[in-house]
Amino acid sequence: MLKIAVFASGRGSNFQSIIDNIKSGDIPAEIKLLISDRQDAGALKRAEHEGIEHLFIDPDHFETKADYEEELIGLLENDGVELVVLAGYMRILSPLFVKHFQNQIINIHPSLLPAFKGLDSQKQAVDYGVKYSGCTVHFVDQGMDTGPIIKQAVVEVKAEDSADDLAARILKEEHKIYPEAVKLIAEGRIKIEGRKVKILKEEK
Ligand code: GAR
């Protein structure tokens, strides 16, 4: 069983999709801990409801970002965490943290990377006028939204779409590909070669 920690800042619907797929027996993993940097995050409530250990760690309580991240590292190590899943975690992890968990942190981003990095990606896509956008699951490296790509899903952008319309359609795909990516990692079927992520065949 792969030991997972999830970091989330918001409503936690991606967190929930991973919980549901673990509960149904589809992913051989265990969520040891949910950490949020926001006290009002819906993800904390979901964790409570599911009986998953959850902590609000207030970054403002630490003098430096390094102090905050050292606290996080300590908690993860205590639980023997092998994979950190960022699910709507709206902070950039420092090189120190990323190095500590090299190739053990994944993120979901609501665009087809490398397009529309950063914040408000769905609005960026609508404003740009692209016909297709989507979502990306990737390993986290020291850049912003730049790490090796594990999975992507394509979503059509309709002429009348608002950013919220597009976000809702993309979110549905996020809830499919994020659990799929976690499953691949939990099954040991992922191999990183430079920028490329190879997916190994399922053992029969
Ligand atoms: C998701 O759309 C996720 O892709 C996005 O935040 C939302 C979180 O929703 N993440 C980012 O924009 C990261 N830069 P959720 O809290 O319901 O999972």
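Note that the structure is predicted; figures quoted are calculated from it, not measured. (Residues numbered from 1 in each chain as written. Predicted model: local features only at pLDDT ≥ 70, side-chain atom pairs only at ≥ 80, totals over all residues. Heavy atoms only, no water.)

## Observations regarding the nonpolar core
Thinking step 1. If you look at the biggest cluster of nonpolar residues, it comprises 41 residues, and the most contacted ones within it are Phe-15, Val-85, Ile-106 and Ile-150.
Thinking step 2. Residue contributions to this core peak at eight residues, all from helix H6 (residues 163–186).
Thinking step 3. In this structure Ile-150 touches Ile-106, Val-137, His-138, Phe-139, Ala-181, Ile-185, Ile-190, Val-197 and Ile-199, once residues within four positions along its chain are discounted.
Thinking step 4. In this structure, Tyr-68, Leu-72, Leu-76 and Phe-101 belong to the second largest nonpolar core, which totals 20 residues. (Core = buried A, V, L, I, M, F, W, Y, C linked by side-chain atoms within 4.5 Å. Buried < 20%, exposed > 50% of the residue type's maximum accessible area, 1.4 Å probe, protein only. Helix = DSSP H or I, 4+ residues; strand = E, 2+ residues; numbered from the N terminus. Contact = heavy atoms within 4.5 Å.)

## With respect to the site of the ligand
Thinking step 1. In the vicinity of the ligand, the contacting residues are Arg-11, Gly-12, Ser-13, Asn-14, Gly-88, Met-90, Ile-108, His-109, Pro-110, Leu-171 and Glu-174.
Thinking step 2. The separation between an oxygen atom of the ligand and a polar side-chain atom of Arg-11 is 2.5 Å.
Thinking step 3. A distance of 2.8 Å is found between an oxygen atom of the ligand and a backbone nitrogen or oxygen belonging to Gly-12.
Thinking step 4. When isolated, the ligand has an accessible area of 450 Å², and the protein chains bury 88% of it.
Thinking step 5. For the shell around the ligand, the elements supplying multiple residues, two or more each, are helix H1 (13–23), strand E5 (105–109) and H6. (Near = heavy atom within 4 Å. Polar contact = N/O pair within 3.5 Å; in protein donor to acceptor, adjacent residues only side chain to side chain. Areas by Shrake-Rupley, 256 points an atom, 1.4 Å probe, with all protein chains shown as cover.)

## Things to note about the sheet that holds strand E3 (residues 54–56)
Thinking step 1. The seven strands are arranged E3-E2-E1-E4-E5-E6-E7 in an open sheet whose pairing can be described as mixed. Bordering the open sheet on either side are E3 and strand E7 (149–156), each of which pairs with just one other strand. Between one strand axis and the next, the sheet turns through 20 degrees on average, direction left out of account.
Thinking step 2. In terms of strand pairing, strand E6 (residues 132–139) meets E7 through seven bridges, oriented antiparallel. Counted as the bridge partner of His-138 is Ile-149 from E7.
Thinking step 3. The sheet strands contacting H1 are strand E1 (2–8), strand E2 (29–36), strand E4 (83–86) and E5, and the helix crosses E2 at an angle near 160 degrees. (Pairing = 2+ DSSP bridges. Axes fitted to C-alpha atoms, helices over the stretch in contact; angles between N-to-C directions.)

## What about the packing of helix H5 (residues 121–128) against H6?
Thinking step 1. Put simply, H5 and H6 touch, their axes get as near as 8 Å, and they point 120 degrees apart. Considered as vectors, H5 and H6 are oriented oblique to each other. For H5 against H6, the interelement crossing comes out right-handed. Of H6, the residues touching H5 (which contributes Gln-122, Lys-123, Ala-125 and Val-126) are Ala-163, Leu-166, Ala-167 and Ile-170.
Thinking step 2. The residue makeup of the contact of H5 with H6, split by class, is six nonpolar, one polar and one charged. (Parallel < 35°, antiparallel > 145°, perpendicular 65-115°, else oblique. Left-handed = near helix turned anticlockwise from the far one by under 90°. Nonpolar A, V, L, I, M, F, W, Y, C, P; charged D, E, K, R; others polar.)

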